[in-house]
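Results of the structural survey
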Amino acid sequence: MNPSSGAPKAGLLSRVLPVGVAGVESWADGHEITLFPAEEEYIAGAAPSRRREFRDVRWCARRALASLGAPPGPLVPTATGAEFLVRYPAWPAGYTGSLTHCDGYRAAAVAAIADVLALGIDAEPHDRLPAPALGRVAGPEELEHLAALRAERPEVAWDRVLFSAKESVYKAWFPLTRRWFDIRDCPISIDPYGATFTAGPALDPPEGVTPVVFGRWAVSGALAQGHVVTSAVIR
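The structure displayed is predicted, hence computed values, not measured ones. (Residues numbered from 1 in each chain as written. Predicted model: local features only at pLDDT ≥ 70, side-chain atom pairs only at ≥ 80, totals over all residues. Heavy atoms only, no water.)

**Side note on the packing of aromatic side chains**
One pass over the structure, following the stated rule, counts 4 aromatic pairs. Between Tyr-42 and Phe-54, the ring centres sit 5.9 Å apart and the planes meet at 25°, which makes this aromatic pair stacked. Placement of Tyr-42 in helix 2 (residues 37-43) and of Phe-54 in helix 3 (residues 48-67) is noted, with a sequence separation of 12 residues between them. When its relative accessible area of 37% is taken as the criterion, Tyr-42 is described as partly exposed. Ring geometry for Trp-158 and Trp-217: centres 5.1 Å apart, planes at 75°, overall edge-to-face. With Trp-158 in helix 6 (residues 158-177) and Trp-217 in strand 9 (residues 213-219), the pair connects residues that are 59 residues apart, well separated along the chain. When its relative accessible area of 0% is taken as the criterion, Trp-158 is described as buried. Directly above the aromatic system of Phe-54 lies the positively charged group of Arg-58, at a separation of 3.5 Å from the ring centroid. (Phe/Tyr/Trp six-rings, centres within 6.5 Å; stacked < 30°, edge-to-face > 60°. Helix = DSSP H or I, 4+ residues; strand = E, 2+ residues; numbered from the N terminus. Buried < 20%, exposed > 50% of the residue type's maximum accessible area, 1.4 Å probe, protein only. Lys NZ or Arg CZ within 6 Å of the ring centre and 35° of its normal.)

**Thoughts on the sheet that holds strand 9**
Spatially, 5 strands are ordered 6-10-9-8-7 in an open sheet, and the strand pairing comes out antiparallel. Strands at the two margins of the open sheet, each flanked by one partner only, are strand 6 (118-125) and strand 7 (188-191). For this sheet, the mean angle separating the axes of adjacent strands, direction not counted, is 20°. Against the sheet, helix 6 touches strand 6, strand 7, strand 8 (196-199), strand 9 and strand 10 (227-234), its axis set at about 150° to strand 6. (Pairing = 2+ DSSP bridges. Axes fitted to C-alpha atoms, helices over the stretch in contact; angles between N-to-C directions. Contact = heavy atoms within 4.5 Å.)

**Looking at the sheet that holds strand 4 (residues 95-102)**
Within the open sheet, the 3 strands sit side by side as 1-5-4. Their pairing is antiparallel. Either end of the sheet is taken by a strand with one partner, and the two such strands are strand 1 (21-26) and strand 4. For this sheet, the mean inter-axis angle between neighbouring strands, taken without regard to orientation, is 10°. In terms of strand pairing, strand 1 meets strand 5 (residues 105-112) through 6 bridges, oriented antiparallel. Each bridged residue has a counterpart across the sheet, and for Val-24 the counterpart in strand 5 is Ala-108. Together, strand 1, strand 4 and strand 5 form the strand contacts of helix 3, whose direction differs from that of strand 5 by roughly 35°.

Below, the structure is given as structure tokens:
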């Protein structure tokens, strides 16, 4: 299937994924799926709840890959060094993607590298961050930005949107560049009405990669209900 002519997107994902990215989401647990041996080995010994999350999010990923005509394969983290294990899976050759899950929500997004160089998605509960966590996420200018957003639109958990946006940026940035950054060193500017955000330019990109990452956000439900979902794309 041509990714620009019918990739399955619904609900929250349809509001954050651009043309060329296939997304599948689920609000249910316990999807039937046969794991590859490498996936079984990776998740062996995990708690039942962790196994359900692992299986459900791969159910989403297999459906998204199939919609683009991509072959199925094991989605397990890959090593970047003897002492370091990336949390993000290796995708089939020619494709890139991102997985996310939180309480009550699972999702996967996939694209052909010819269309999208890297992407990240993140889902969070639509609720305010605890104060200590916010201090570890936002710098002084961002805290001022959040205060202005709350005054203008108090129905949105803007600090959670900010946190989720940074998670999405990191999920896109690190697998592509293998360059770590402190989450406070990645300034985010949120457009409250266009439902978009930009990240950077404090990031240190390799040659040929833009230092500014663009993304989208969406929320469902009132505060303490529903979810926040964000995406970040590097083309």
